[in-house]
Number of protein chains: 2
Amino acid sequence: MIKILVDAMGGDNAPAAIVQGAVAALKNDEELYLILTGRQAEIEAELAKAEYDKARLEIVDCPDVIDMNDIPTEAVKRKQSSLMAAYWMLKKEDDLCALVTAGSTGATIVGGQLILGRIRGVKRPALCPAIPNSRGGVTLLCDCGANAECKPVMLCQFAVLASSYAKVGFGIKQPKVGLLSNGTEEHKGDPLHQETYKYLSQMKGIDFVGNVEGRDIMLGICDVVVSDGFSGNIALKSIEGCGKMVLGVMKKEFSATLRSKVGYLFMRKAIKNMRSQLDFDRYGGALLLGLKKIVIKSHGSSKPHTIAAAIANAAAIYRGGLVPSVEKMLEKVDLDTLVPETD
Amino acid sequence: MIKILVDAMGGDNAPAAIVQGAVAALKNDEELYLILTGRQAEIEAELAKAEYDKARLEIVDCPDVIDMNDIPTEAVKRKQSSLMAAYWMLKKEDDLCALVTAGSTGATIVGGQLILGRIRGVKRPALCPAIPNSRGGVTLLCDCGANAECKPVMLCQFAVLASSYAKVGFGIKQPKVGLLSNGTEEHKGDPLHQETYKYLSQMKGIDFVGNVEGRDIMLGICDVVVSDGFSGNIALKSIEGCGKMVLGVMKKEFSATLRSKVGYLFMRKAIKNMRSQLDFDRYGGALLLGLKKIVIKSHGSSKPHTIAAAIANAAAIYRGGLVPSVEKMLEKVDLDTLVPETD
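Note that the structure is predicted; figures quoted are calculated from it, not measured.

As a further point, take empty space enclosed by the protein. Residues and elements named next belong to chain B. Enumeration over the complete set of coordinates arrives at four cavities of 30 Å³ or more. Considering the residues around the largest cavity, the lining is formed by Ile119, Leu287, Leu288, Leu289, Gly290, Leu291, Lys293, Ile294, Val295, Leu322, Val323 and Val326. Listing elements by their share of the lining of the largest cavity, those giving two or more residues are β11 (286–289), β12 (294–297) and α12 (322–333). Partitioning the lining of the largest cavity into residue classes produces ten nonpolar, one polar and one charged.

Attention now moves to the sheet that holds strand β12 (residues 294–297) of chain A. Paired through their backbone hydrogen bonds, the strands of a sheet run either parallel or antiparallel. Residues and elements named next belong to chain A. Pairing is mixed across the open sheet formed by seven strands, whose spatial order is β3-β2-β1-β4-β12-β11-β5. Looking along the sheet, the strands with just one partner apiece sit at the ends: β3 (57–61) and β5 (126–128). Taken pair by pair, the neighbouring strands of this sheet meet at an average axis angle of 25 degrees, ignoring direction. Relative to β12, strand β11 (residues 286–289) runs antiparallel, the two being bridged by two bridges. Looking at the pairing, Leu287 lines up with Ile296 of β12. Lying over the sheet, helix α11 (residues 304–320) contacts β1 (2–7), β2 (32–38), β4 (96–101), β11 and β12, oriented at roughly 145 degrees with respect to β1.

So, about the side chain of Ser81 of chain A. Within the secondary structure layout, Ser81 of chain A lies in the loop between α3 (72–75) and α4 (82–92). Only 2.7 Å separates the side chain of Ser81 of chain A from the backbone oxygen of Arg78 of chain A, close enough to count as a polar contact.

The grouping of Lys79, Lys91, Lys92 and Lys292 of chain A at the surface amounts to a positive patch. Here Lys292 of chain A is to be found in the loop between β11 and β12.

With that settled, consider the relation of the copies chain B and chain A. The operation relating chain B to chain A is a screw motion whose rotation component is 180 degrees, with 0.0 Å of axial translation and a residual RMSD of 0.0 Å. Here the transformation between the copies is reduced to the relation of a two-fold axis. Minimal C-alpha distance to the rotation axis in chain B is attained by Gly263 of chain B, lying at 2.0 Å. Most of the interface of chain B is mirrored in chain A, where 100% of its interface residues are also at the interface.

This part takes up the confidence of the model for chain A. Overall, the prediction assigns chain A a mean pLDDT of 94, with 99% of residues at 70 or greater. For this predicted complex, the interface score ipTM comes out at 0.92, while the overall pTM is 0.94.

Across the contact, 55 residues belong to chain B and 55 residues belong to chain A. In total, about 4800 Å² of surface goes out of reach between chain B and chain A, with carbon and sulfur atoms giving 71% of it. Looking at the side of chain B facing chain A, the largest losses of area belong to Phe230, Met245 and Phe266 of chain B, adding up to 15% of the total buried there. Scanning the region where chain B abuts chain A turns up four salt bridges.

Let us look at the pairing of strand β7 (residues 138–142) of chain B. All names here are of chain B. Burial analysis of β7 places five of its five residues in the buried class, which makes it a mostly covered element. The two faces of β7 match: Val138, Leu140 and Cys142 on one face and Thr139 and Leu141 on the other face are all buried. Bridge analysis of strand β6 (residues 130–132) against β7 gives three bridges, and the strand direction is antiparallel. What sits directly across from Ala130, in β7, is Leu140. The pairing of β7 with strand β10 (residues 224–226) spans three bridges and is classified as parallel. Each residue of the ladder has a partner; that of Cys142, found in β10, is Val226.

Residue and element names in this part refer to chain B. Strands sit in the order β6-β7-β10-β8-β9 across an open sheet of five strands; the sheet is mixed. Sheet topology places β6 and β9 (207–212) at the edges, where each strand pairs with a single neighbour. Between one strand axis and the next, the sheet turns through 30 degrees on average, direction left out of account.

For the rest of this paragraph, the subject is the side chain of Ser181 of chain B. Residue and element names in this part refer to chain B. Structurally, Ser181 can be placed in the loop between β8 (176–180) and α7 (191–200). Exposure remark for Ser181: the relative accessible area of 0% places this residue in the buried category. Within the local environment of Ser181, its side chain forms a polar contact with the side chain of Asn182, the two groups lying 3.3 Å apart.

Residue and element names in this part refer to chain A. Inspection of every chain in the model, using the stated rule, returns 26 salt bridges over all chains. Taking the shortest distance from any N to any O, the salt bridge between Lys3 and Asp95 comes out at 3.0 Å. Here the residue Lys3 occupies a position in strand β1, and Asp95 occupies one in the loop between α4 and β4, the gap between them amounting to 92 residues. The exposure class of Asp95 is partly exposed, given its relative accessible area of 42%. A salt bridge links Glu74 to Lys77, with the shortest nitrogen-to-oxygen separation between them at 3.4 Å. Under the relative-accessibility criterion, Glu74 is labelled partly exposed at 46%.

Here we come to unusual backbone geometry. In this structure, the amide linkage connecting Cys142 of chain A to the following residue, Asp143 of chain A, adopts the cis form with an omega of 5 degrees. Mapped onto the fold, Asp143 of chain A is located in the loop between β7 (138–142) and α6 (152–170). Put simply, Ala14 of chain B and Pro15 of chain B share a cis peptide bond, and its omega is -5 degrees. Relative to the assigned elements, Pro15 of chain B resides in the loop between β1 (2–7) and α1 (16–28).

Here the focus is the packing of helix α1 (residues 16–28) of chain A against helix α2 (residues 40–47) of chain A. Residues and elements named next belong to chain A. At their nearest, the axes of α1 and α2 sit 9 Å apart, and the two run at 55 degrees to each other. Here α2 runs oblique to α1, going by the angle between their axes. Where α1 crosses over α2, the handedness of that crossing is right-handed. Residues Ala16, Val19, Gln20 and Val23 of α1 form the contact with α2, whose participating residues are Ile43, Glu46 and Leu47. Of the residues contributing to the contact of α1 with α2, the split by class is five nonpolar, one polar and one charged.

Attention shifts here to the nonpolar core. Among the nonpolar cores identified, the biggest contains 100 residues, and Tyr87 and Phe254 of chain A together with Tyr87 and Phe254 of chain B are the most heavily contacted of them. Residues in contact with Tyr87 of chain A, not counting those within four places in the same chain, are Leu99, Ala107, Thr108, Gly111, Gly112, Ile115, Leu116, Leu288, Leu291 and Val295 of chain A.

With that settled, consider the packing of aromatic side chains. As enumerated under the stated definition, the model contains eight aromatic pairs over all chains in all. Note on Tyr197 of chain A and Phe208 of chain A: the rings are 5.2 Å apart at their centroids and 80 degrees apart in plane angle, and the pair reads as edge-to-face. Taken together, the positions of Tyr197 of chain A in helix α7 (residues 191–200) and Phe208 of chain A in strand β9 (residues 207–212) put the pair eleven residues apart, joining distant regions of the chain. There is no split in this pair, since Tyr197 of chain A and Phe208 of chain A are both buried. When the centroid spacing of 5.0 Å and the interplanar angle of 85 degrees are considered together, the rings of Phe170 of chain B and Tyr283 of chain B count as edge-to-face. Of this pair, Phe170 of chain B sits in helix α6 (residues 152–170) while Tyr283 of chain B sits in the loop between α10 (258–277) and β11; the two residues are 113 residues apart in sequence, bridging distant segments of the chain. Residue classification places Tyr283 of chain B among the partly exposed residues on the basis of a relative accessible area of 23%. Among the aromatic side chains, those forming a connected cluster through ring pairs are Tyr165, Phe170 and Tyr283 of chain A. The side chain of Lys54 of chain B reaches across the aromatic face of Tyr52 of chain B, ending 4.7 Å from its centre.

About the cut-offs
Residues numbered from 1 in each chain as written. Chains lettered and ligands numbered in written order. Predicted model: local features only at pLDDT ≥ 70, side-chain atom pairs only at ≥ 80, totals over all residues. Heavy atoms only, no water. 1 Å grid on protein atoms, 1.4 Å probe; cavity = no way out; pocket = protein on both sides within 12 Å on 5 of 7 lines; lining within 4 Å. Points joined across faces, edges and corners; volume = space filled by probe spheres on them. Helix = DSSP H or I, 4+ residues; strand = E, 2+ residues; numbered from the N terminus. Nonpolar A, V, L, I, M, F, W, Y, C, P; charged D, E, K, R; others polar. Pairing = 2+ DSSP bridges. Axes fitted to C-alpha atoms, helices over the stretch in contact; angles between N-to-C directions. Contact = heavy atoms within 4.5 Å. Polar contact = N/O pair within 3.5 Å; in protein donor to acceptor, adjacent residues only side chain to side chain. Patch = residues over 30% accessible without salt bridge, like charges linked within 9 Å, V, L, I, M, F, W, Y side chains within 5 Å. Areas by Shrake-Rupley, 256 points an atom, 1.4 Å probe, with all protein chains shown as cover. Salt bridge = Lys/Arg side-chain N within 4 Å of Asp/Glu carboxyl O. Lys, Arg positive; Asp, Glu negative; His and termini not counted. Charge placed at Lys NZ, Arg CZ, Asp CG, Glu CD. Least-squares fit on C-alpha atoms with pLDDT ≥ 70 in both. pLDDT = per-residue confidence, 0-100. Buried area = accessible area lost by both parts, 1.4 Å probe. Buried < 20%, exposed > 50% of the residue type's maximum accessible area, 1.4 Å probe, protein only. Parallel < 35°, antiparallel > 145°, perpendicular 65-115°, else oblique. Left-handed = near helix turned anticlockwise from the far one by under 90°. Core = buried A, V, L, I, M, F, W, Y, C linked by side-chain atoms within 4.5 Å. Phe/Tyr/Trp six-rings, centres within 6.5 Å; stacked < 30°, edge-to-face > 60°. Lys NZ or Arg CZ within 6 Å of the ring centre and 35° of its normal.

Shown next as structure tokens:
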């Protein structure tokens, strides 16, 4: 059995979308066992509408819910909340292997650091989404928002964390790693990125291809794009905004005239294919890398299929052995020797 | 007459695309007078294929061409190059009002600073493209790559520069200004952005709406997005990459089956409309703001219509009085009093 915790109260569509997603995930994978944390009555009301294997789903009643307006460092103290209660269980119980939440990003990061804890040697956890690229694969962007301020050693660790994810989650044997900058030349960027460039090119086990630009994320020049959390967040959200605008314009234009509506009938399948290739939520959200267990942060606006995808992805990464892989790579790289200031 | 210099040798498709663009621009605006700098024989060979008003086009022979591999600070010394010769003329001759180039970004910035010079009080020039947004207008992103390292005072000036451009270039009376960050809350970002937030909210004549995220650029939440050049470049290129990927996937899917090909015939006009709404080059390129005269940096891959658009945009901004508008706004804001460290 793979036991996964699901924060049933996180996100704009909770608990309905979360519970429906959990039910769908259970159906797709007979090895799964899910523990939903949240307001029991609300979760049960939602479950009453569904059919599922009751032997593989459990509810832990948590009266408290953390929302987007709560200050993360305060929220972490609320042990009765669906998110923090899940973190405490994940920490204490060896047979629980992952947590999926669509709740507050800040609270998820702080809870991960303070309750669950980091893998030995990891300075900071990092958020890492899998972005579809034009080669038909994905590009992992790490960090995309957990750390607005970074040091070179952190960026070097992001390379290790995301390379492990690329190997375990996507079967990429030797992931190519690029450093997000404002140009491809070695001297580009500020001192943080120039210094990181130097270290990344010396790191054992990291296949560093040099600086990459924002456009390369979706063009799929490399498998992993390392970034400070400030720029990474801007890149991710710029891409999201562009995708949203393009789909909006398309929708408007394709229904503007009778002629285009007729065309749409012929093209429905092509458009569906297109949308699925551009689906940012195919893997359910961003992995919060560097923690002792697997944590996936799904988008606040997650729908049932997003949550189902996040649970499936968490199970797959657990089966692949993400955490041991990170530990092994960190050991091999020996960052303490390579990068002087490892404070 | 509005006299504009055009670097005929800059960009991947020079001189053919540049010369064709110049000819198109001349046809569209009878008040224009263009001076093309570059290798005379090559330009003349291209002009021989076109019909145009010879009384309004002049060539200045420049044997030297700066390319993307040249180091900008070295390139600026090459007075015989099509770009630097143009800058020298722009500096010396009062009746020349603008320069359009699709050449090296770095050389364009350095030439602008060292040869043409900044408007009195401007710390650093900034690159500012007009990005189409989902409200049907544009969002000005400033800076998108001229300054990888910034201080708060520079970011505050970018707000002034781009607000002037919004007024003069797009007729927006009171441009809304956002600060690009990794979240909308006031405390988001690193110390640079936190400090800039504080000053921007106190600036006279600037309608500051607070922090904005990457997605807001294309969603058109505000007219001006202020950014350090590092993150701004990443945002711009992430958007470009996403746009390129979406159009690529669309092209593939829409021609994948007979059915979708038939649909395409019906939808041709809708798709054309869509593409034009997503055309990043509608205004010909990024304005290099803060210099004593108008300089537009077009994309290296510019086609004739891009260059024609850049020339038309330069003329429009000149007519609107961009430089006097910037001078007036800078005076009103009085940054030296507002921001302590104005080194």
